[in-house]
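Examining the three-dimensional arrangement
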Amino acid sequence: MKQFFKFMFASCLGVFLAGFVLFVFFAGLAASAGGKDDLKTVKSNSVLVVNAENAIPELTDNIEGRSPFKNEKHIGLQDLTDALARAANDSKIKGVLVDSRYLQIGPATASVLRSALIDFKKSGKFIVAYADDYSQDGYYLASTADKIIVNPNGAVEFKGIATEIPFFKDMLDRLDIKMQVYYAGQFKSATEPLRYNQMTPQNKMQTREYMQGIYNSMLSDISQSRHIPVAELNRIADEGVSQFAGDAIKYHLADQAGYYDEAQSELRSRLKLKDNEKIPSISLNDYAQSYTKTRGSSANKIAVVYAEGTIDMEQNATGKGDAKDGSIDGYRYAKIIRDIRNDKSIKAIVLRINSGGGSSMASDIIWRELMLAKAAGKPIIVSMGDYAASGGYYIATPADRIFAEPNTLTGSIGVFSIVPGFQKMFKDKLGISFDTVKTNVSSVGVSTVFDLNDSEAKRMQAQTDTIYEKFLNRVAVSRHKTRDEVNAIAQGRIWTGTKGKEIGLVDDIGGLSDAIKAAAQMAKLGDFRVSEYPKLQEPLQKFIAQWMGDQSGDQVKNVAISKELGSFYPLYEQIKQIQTMKGPQMRTPLMTPFK
């Protein structure tokens, strides 16, 4: 009898839990289904608030760690720029308040958003900026404003840009972990933090060059908006004279030292409101959700495929495995491109790349599907975002034409492989030894508990060199160059989009809209509509699917860790990626954001 009640209780509990999950699931579907009733409301005489302190994906919601229990959207860069263009012609929107203390976006993304603000300003509407303190990257957006207000106790940071790269070699040595590294390309610096405790001369040279290109572009933009000569901006940065709000006014970086209420008074004056009258406002994120985006009704479609994040191999050829949003899974993207190839209504492909690369295997699988699509008569145009480097450049090689932003980081044509060796650590630190019985010299294969012997090390280097040669030849065919011409500009070296055009890795400087126009021209389309990929599941749907597959813990854990670590989360992600790397890699250097 006791067993009977035990099983009965378990069965009832199971039914209850199943019912609860289904209730949550369908309630979530209802909440996230979307419709006209979910559109945000825009009041008359409103101010549009632009804040770019959070990460901005290329495609809306294509980001890891979306909460399944919050009905919130992470609006993508293209939807944000579309919203600003729409606001310029919206009679309800009278102006913009730029509230940008810090930016957590790449230089190309910042440039695209800034250009959209400049275009908004051409409508004749105002832009006002306010912050207690402006970081230099936050000021880059704010410099578009007609009036820049800074808190009297604050400052406008202006000091030039730098990057800080962590090096792990000394730590690894203390732990007796031997990182066996094989690479091709003298500038392929992604593994330097594992091999050295400082940057090599080659890496310093390439980093200084592309950072200078980004900085020069930023100086030029600020100079035009603020009417301050570039030489004067450089002097301000070199001498460090912008320390306080008064300095910012003195050197024309800002227009007024004022508190938040004074900034509000400025807005009321421009909106012709009475003192203390509430200012109607809406964030750019909410404004992008205040209308239904029209896709057109043409039978002809251009597929825009957003390839953003690390290129990896979570799924296998049969589609088994959990591919994360905000990453580029080899087989997931292969299927997307294959479906596009077989869809007769799709006449061309635009591949928007924002990736520093990853798995060479996954990159090659995507390359193959793109080549098949091209052979099937689908023109392929590439548009590059913040990064389209290493594996990110590899998947660009099938393109008929490549567009890059001026500040895109591209190239990094090189390969590396890493085999961590824990043999000494296990023995000396933990007192654990390993032994083996094998039928052949290399039966153990690549192992982390036995150091590679000379023969195995030579094979690893040969494998890395072979993949590098394949990379060179892929680029040579794509860019109509010889192998040696490509090798001279490859070697793992990183270039800006502007420099990439000069050396022939890029065809044109332009954005996604330029790439779409080029695709329409190549496909000879008079009218068309855009179809975006990948098609994303709603967060709750994805969570339930992961829960059923017992993978939900990883998502919850990553959300918690990202909130706890904040700006240090990318470093945590880099360390995680080192741990999970499989096979030869096409990756850019491990980088922290510019400062």
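Residues numbered from 1 in each chain as written. Predicted model: local features only at pLDDT ≥ 70, side-chain atom pairs only at ≥ 80, totals over all residues. Heavy atoms only, no water.

A short note on the sheet that holds strand β1 (residues 46-50)
Quick note on the threshold: Strand pairing follows a simple DSSP-based rule, namely that at least 2 bridges must link the two strands. Secondary structure elements are taken from DSSP: a helix is a run of H or I of four residues or more, a strand is a run of E of two residues or more, and numbering for both begins at the N terminus.
Pairing is parallel in the open sheet, where 6 strands are placed in the order β6-β4-β3-β2-β1-β7. Either end of the sheet is taken by a strand with one partner, and the two such strands are β6 (256-257) and β7 (281-283).

Some words on the nonpolar core
Put simply, the rule reads: Grouping buried Ala, Val, Leu, Ile, Met, Phe, Trp, Tyr and Cys residues that are joined through side-chain atoms within 4.5 Å yields what is termed a nonpolar core. Burial classification: accessible surface area is computed with a 1.4 Å probe over protein chains only, and a residue below 20% of its type maximum counts as buried, one above 50% as exposed, and the rest as partly exposed. It only takes one pair of heavy atoms within 4.5 Å for two residues to be counted as in contact.
Ranked by size, the top nonpolar core spans 55 residues in total, and within it Leu48, Tyr134, Phe158, Leu253 and Tyr287 carry the most contacts. Leave out the neighbours within four places in its chain, and Leu253 touches Tyr139, Ile148, Val156, Phe158, Arg226, Ile228, Leu233, Ile236, Ser242 and Ala248. With 47 residues, the next largest nonpolar core counts Val305, Ile311, Ile380 and Val415 among its residues.

Describing the pattern of salt bridges
For clarity, the cut-off: Throughout this description, the term salt bridge denotes a Lys or Arg side-chain nitrogen within 4 Å of a carboxyl oxygen of Asp or Glu.
Evaluation of the coordinates by the stated rule reveals 33 salt bridges. Residue Asp451 pairs with Lys178 through a salt bridge whose shortest N-O separation is 3.7 Å. Here the residue Asp451 occupies a position in the loop between α15 (423-430) and α16 (454-479), and Lys178 occupies one in strand β5 (residues 178-184), the gap between them amounting to 273 residues. We classify Lys178 as partly exposed; its relative accessible area is 43%. What emerges from the salt-bridge pattern is a single network uniting Glu58, Arg352 and Glu405.

Quick look at helix α8 (residues 230-239)
What counts is decided by this rule: Within this analysis, the arc is defined by the directions that extend from the helix axis to the C-beta atoms.
Three or more residues of α8 are buried, namely Leu233, Ile236 and Ala237. Taken down its axis, α8 places every buried residue within 95° of arc, on the same side. Summarising the geometry of α8, the exposed residues directed more than 90 degrees from the buried face are Ala231 and Asp238. Check the buried side of α8 and you find it contacts α7 (201-226). Just beyond α8, the residue with positive phi is Gly240, at close to 60°.

Details of the environment of Tyr468
Basically, it comes down to this: Side-chain atoms alone can form a polar contact between residues adjacent in sequence; in general such a contact is a pair of N or O atoms within 3.5 Å, and within protein one must be able to donate a hydrogen while the other accepts it.
Counting through the fold element by element, Tyr468 comes out in helix α16. Distance in space between the C-alpha atoms of Tyr468 and Met586 is 9.1 Å, their sequence separation being 118 residues. With near-sequence residues (within four places) excluded, Tyr468 lies in contact with Ala184, Ile413, Gly414, Val415, Asn487, Ala490 and Gln491. Within the structure, the side chain of Tyr468 is placed 3.1 Å from the backbone nitrogen of Gln491, a separation counted as a polar contact.

A short note on the side chain of Gln78
Checked against the element boundaries, Gln78 lands in helix α2 (residues 77-88). Of the residues examined, Gln78 reaches a relative accessible area of 12% and is grouped as buried. Discounting chain neighbours no more than four positions away, the residues touching Gln78 are Glu58, Tyr306, Arg352 and Leu512.

Thoughts on the side chain of Asp386
Selection criterion: None of His or the chain ends enter the tally, which takes Lys and Arg as positive and Asp and Glu as negative.
Considering the arrangement of structural elements, one finds Asp386 in strand β13 (residues 380-389). Within the buried core, Asp386 has no salt-bridge partner, and the shortest N-O distance to an opposite charge, that of Arg352, equals 7.1 Å. There is a polar contact of 2.8 Å between the side chain of Asp386 and the backbone nitrogen of Ala108. A polar side-chain atom of Asp386 sits 2.6 Å from a polar atom in the side chain of Thr109. With sequence-adjacent residues up to four places away left out, Asp386 is seen in contact with Gly106, Pro107, Ala108, Thr109, Asn354, Asn407, Thr408 and Leu409.

A look at the packing of aromatic side chains
Both the distance between ring centres and the angle between the ring planes are used here to describe each pair of aromatic rings. Threshold: Here is the rule: rings of Phe, Tyr and Trp (six-membered ring for Trp) pair when centre to centre is within 6.5 Å. Planes less than 30 degrees apart are stacked, more than 60 are edge-to-face, and the remainder are tilted. Throughout this description, the term charge over a ring refers to an Arg CZ or Lys NZ atom that lies within 6 Å of the ring centre and within 35 degrees of the ring normal.
Evaluated as defined, the whole model comprises 7 aromatic pairs. Ring geometry for Phe422 and Phe426: centres 6.3 Å apart, planes at 70°, overall edge-to-face. Using a relative accessible area of 23% as the deciding quantity, one classes Phe422 as partly exposed. Following the ring pairs from residue to residue traces out a cluster consisting of Tyr134, Tyr139 and Phe158. Its end group placed over the ring of Trp367, Arg474 keeps NZ or CZ at 3.5 Å from the ring centre. Directly above the aromatic system of Tyr533 lies the positively charged group of Lys535, at a separation of 4.7 Å from the ring centroid.

A few points about the pairing of strand β3 (residues 126-131)
Threshold: Classification remark: right-handed applies to a crossover when, strands pointing away from the viewer, the course from the first strand over the helix to the second runs clockwise.
With respect to burial, β3 is a largely interior element, 6 of its 6 residues being buried. Side-chain alternation along β3 places Phe126, Val128 and Tyr130 on one buried face and Ile127, Ala129 and Ala131 on a second face that is also buried. As for the winding sense of the linkage, the β-α-β connection from strand β2 (residues 93-98) through helix α3 (residues 107-121) to β3 is right-handed. Of the strand pairs in this sheet, β3 and strand β4 (residues 147-150) are connected by 4 bridges, and their pairing is parallel. From the neighbouring strand, Ala131 faces β4, where its bridge partner is Val150. The handedness of the β3 to β4 crossover, carried by helix α4 (residues 136-142), is right-handed.

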